[in-house]
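Listed here are the chains, written in short residue letters.
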Amino acid sequence: MAPNVLGRALVTAKWLSEAVRAGRVGTSLRVLDASWYPPQKRNAWQEFKERHIPGASFFDIEECRDQSSPYDFMLPSESHFADYVGRLGVSNDTHVVVYDGDELGTFYAPRAWWMFRAFGHKEVSVLNGGFKNWVKEGHPVTAEVSQPAPAVFKAKLNTTLLKTFEEMMQNVGSLRFQVVDSRPESRFRGTKLDQGLESGHIPGAVNIPFHSFLTETGHEKSIEEIQQIFHEKKVDLSKPLTATCHKGVTACHIALAAYLCGKHDVAVYDGSWSEWFHRAPPHYKVSELKRNKA
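Residues numbered from 1 in each chain as written. Predicted model: local features only at pLDDT ≥ 70, side-chain atom pairs only at ≥ 80, totals over all residues. Heavy atoms only, no water.

Asker: Just to check I follow, could you spell out the packing of aromatic side chains for this structure?
Answerer: The geometry of an aromatic ring pair is captured by two quantities: the separation of the ring centres and the angle between the planes. Using the criterion set out here, one finds 19 aromatic pairs in the structure. With a centroid separation of 5.4 Å and 55° between ring planes, the pair formed by Trp45 and Phe58 is classed as tilted. With Trp45 in helix H2 (residues 44-50) and Phe58 in strand E4 (residues 57-58), the pair connects residues that are 13 residues apart, well separated along the chain. Judged by relative accessible area, Trp45 falls into the partly exposed class, the value being 38%. Residue Phe58 is classed as buried on the basis of its relative accessible area, which comes to 12%. (Phe/Tyr/Trp six-rings, centres within 6.5 Å; stacked < 30°, edge-to-face > 60°. Helix = DSSP H or I, 4+ residues; strand = E, 2+ residues; numbered from the N terminus. Buried < 20%, exposed > 50% of the residue type's maximum accessible area, 1.4 Å probe, protein only.)

Dropping the structure here:
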């Protein structure tokens, strides 16, 4: 394994910069900007047009989702995903590198990474440190929007990496798999609104805020540090594990962190709290705020 390709789930800016300078971005290597921001704060597409990694294409998470669902960012169908990434020049033989421009370093890129894996694509990596550190380290940027030649991508959903509401409901009683919630502690405990919704968590879930896995610079922590974080929360990586959050995005940070530790089968509850809040019975929504009022 090359020292700058960390288990293939992560690549360093140095590795990608060398690939860009060597002209390797093309049919065998595609770079995707998977940034998304609240519309009132930043415009991901506009920022991409102004500045991005040379040869990169914009992965629009708003477009590549189940637009018929009442919940944000639910997985699209196999055909929808295959058609969308095929238009970005991604085939089943392409190594895909995803990144985003979040100020933390990485926010939405792990969601795109997980989506590719959920649809059967193994050669996908997250740019460690994101665009923030790419720029900070002085690597090249461009405003030129490339037009990749369309490719054929065949998608096959790997259901072992996905959990539904029904499966999560059954697990409350059976406890067949561990559940880790990646939201901030206040939203997990139910003491602060979760993007407009009353907050709380699924019974039995353990809280590990996703930023726990990131260094101050926005890079992934070492494998030893990540293992220690799971250990301190009594999460057993040798047993089944599902990640959840607000809408299935930061849960993918849990899946990525576990993947780096050698656990490649973490599932994501796609609907997460936004679905659980609307569909689960009241006694299946654990909240300290409710408990204190009772």
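Asker: I'm lost on the side chain of Arg65 in this one. Help?
Answerer: Along the chain, Arg65 falls in the loop between E4 and helix H3 (78-87). The class for Arg65 is buried, based on a relative accessible area of 17%. Only 2.7 Å separates the side chain of Arg65 from the backbone oxygen of Glu62, close enough to count as a polar contact. With sequence-adjacent residues up to four places away left out, Arg65 is seen in contact with Phe73, Met74, Leu75, Pro76 and His80. (Polar contact = N/O pair within 3.5 Å; in protein donor to acceptor, adjacent residues only side chain to side chain. Contact = heavy atoms within 4.5 Å.)

Asker: Explain the pattern of salt bridges to me, please; I cannot follow it from the model alone.
Answerer: Between side chains of opposite charge, a pair can form when the charged atoms approach closely. According to the stated counting rule, one finds 14 salt bridges in the structure shown. As a salt-bridge pair, Glu62 and Arg65 come within 3.6 Å of each other at their nearest N and O atoms. For Glu62, a relative accessible area of 31% translates into the label partly exposed. Among the ionic pairs, Asp83 bridges to Arg87, the shortest N-O distance being 2.4 Å. Of the two residues, Asp83 and Arg87 are both situated in helix H3; the distance of four residues between them amounts to about one turn of the helix. By relative accessible area, Asp83 is classed as partly exposed at 44%. Exposure remark for Arg87: the relative accessible area of 42% places this residue in the partly exposed category. Put simply, Glu63, Asp83 and Arg87 are held in one network by salt bridges that share partners. (Salt bridge = Lys/Arg side-chain N within 4 Å of Asp/Glu carboxyl O.)

Asker: Mind showing me how you'd approach the nonpolar core here?
Answerer: Across soluble globular proteins, you tend to see nonpolar side chains buried next to one another. Core analysis: the biggest nonpolar cluster contains 51 residues, and Phe59, Phe81, Trp113, Trp114, Phe116 and Phe230 have the highest contact counts within it. Listing elements by their share of this core, those giving two or more residues are H3, strand E5 (95-99), helix H4 (109-118), strand E6 (124-127), helix H8 (223-232), strand E10 (241-244) and helix H9 (251-260). When residues in this core are grouped by element, the largest group, nine residues, is from H9. Those residues in contact with Trp114 that lie beyond four places of it in its chain are Leu75, Leu161, Leu162, Cys252, Val266, Val268 and Asp270. (Core = buried A, V, L, I, M, F, W, Y, C linked by side-chain atoms within 4.5 Å.)

In short, shape yes, function no, at least from these values alone.
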